[in-house]
Amino acid sequence: MVLCLVDISKSIPELNLRTPKEIDPKMQAALKTRLPPETHIHNNTMDIYGDAKGTLLRLQDLRHYHDKLDLAYSLPVYDAGWCVAHDQLCPFDTGASSRVGGFPCTDFSTAGLQAGLDGFHTPVIFGFGSKARKTKSAAVGVENVGSCPEFLVKDAFGPDYTWCIQNLLSPSLVGFDM
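Cut-off values and rules
Residues numbered from 1 in each chain as written. Predicted model: local features only at pLDDT ≥ 70, side-chain atom pairs only at ≥ 80, totals over all residues. Heavy atoms only, no water. Pairing = 2+ DSSP bridges. Helix = DSSP H or I, 4+ residues; strand = E, 2+ residues; numbered from the N terminus. Right-handed = clockwise from strand over helix to strand, strands pointing away. Core = buried A, V, L, I, M, F, W, Y, C linked by side-chain atoms within 4.5 Å. Buried < 20%, exposed > 50% of the residue type's maximum accessible area, 1.4 Å probe, protein only. Phe/Tyr/Trp six-rings, centres within 6.5 Å; stacked < 30°, edge-to-face > 60°. Lys NZ or Arg CZ within 6 Å of the ring centre and 35° of its normal.

## Observations concerning the pairing of strand β5 (residues 139-143)
Stage number 1. Both strand β4 (residues 98-102) and β5 contribute to a ladder of five bridges, which runs parallel. Among the inter-strand pairings, S98 is bridged to a residue of β5, identified as A139.
Stage number 2. Regarding topology, helix α5 (residues 124-135) serves as the crossover connection from β4 to the parallel β5, and that connection is right-handed.

## Description of the nonpolar core
Stage number 1. The biggest cluster of nonpolar side chains holds 30 residues, and the ones touching the most others in it are F103, I125, F126, V142, L152 and F157.
Stage number 2. Elements with a contribution of two residues or more to this core: α3 (52-61), α4 (65-74), α5, β5 and α6 (150-157).
Stage number 3. Sort the elements by how many residues they give to this core and α5 lands first, with five residues.

## Overview of the packing of aromatic side chains
Stage number 1. For the structure on display, the rule yields four aromatic pairs.
Stage number 2. Seen in terms of ring centroids, Y65 and F126 are 6.2 Å apart; in terms of plane orientation they differ by 45°. Their pairing is tilted. Taken together, the positions of Y65 in helix α4 and F126 in helix α5 put the pair 61 residues apart, joining distant regions of the chain.
Stage number 3. Residue classification places F126 among the buried positions, given a relative accessible area of 2%.
Stage number 4. Ring geometry for F128 and F157: centres 5.2 Å apart, planes at 85°, overall edge-to-face. Pair noted here: F128 is in helix α5 and F157 is in helix α6, with a separation of 29 residues, a long-range link. As far as burial versus exposure is concerned, F128 and F157 are alike and both buried.
Stage number 5. Every member of this aromatic cluster is reached through a ring pair, and the members are Y65, F126 and F151.
Stage number 6. Between R133 and the ring centre of Y73, over which it is positioned, the NZ or CZ distance is 4.0 Å.

If you want it as structure tokens, here you go:
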């Protein structure tokens with residue numbers, strides 16, 4: 001399985017670094033109008049663990065990176081989560097061979113707090129990794145800033161994923177209209 005880190009801020013300089021996340025209702029509405037109707041838009045990456053908010057708080061409360069990683073790998077993962085496109089629980093495994101997503105960059109971005117591995121949002125990558133492992137996604141594109149540590153992404157997704165590329169110069173190379 002293949003794992004890529006995509007830093008779209010390098011290819012879209014005018015990108016607003018406060019672009020809404022998937023949990024943002026405005027972004028959800030935009031995605032619902034731009035994606036095919038059969039596309040699932042899950043509300044929160046951490047839903048893979050069932051209690052998204054509680055799990056995130058547990059991970060954020062841990063002081064050491066490896067404790068967070070160990071907890072993320074020990075948690076049970078679920079087969080379905082709330083889908084805002086269909087207003088119901090929908091499976092995480094949709095049969096798609098690839099998965100694209102990201103997590104808030106503020107912990108690594110020069111525009112953010114640069115808290116690094118101790119940052120408030122860093123544990124969200126573990127939810128994304130758990131989703132990819134659960135669904136056995138063959139290819140995963142992870143969007144974040146270039147200063148996001150490669151080892152963090154590799155740890156979150158596990159040994160079944162092979163790192164393939166650090167940056168894509170243009171999101172159009174992976175099917176996004178620019």
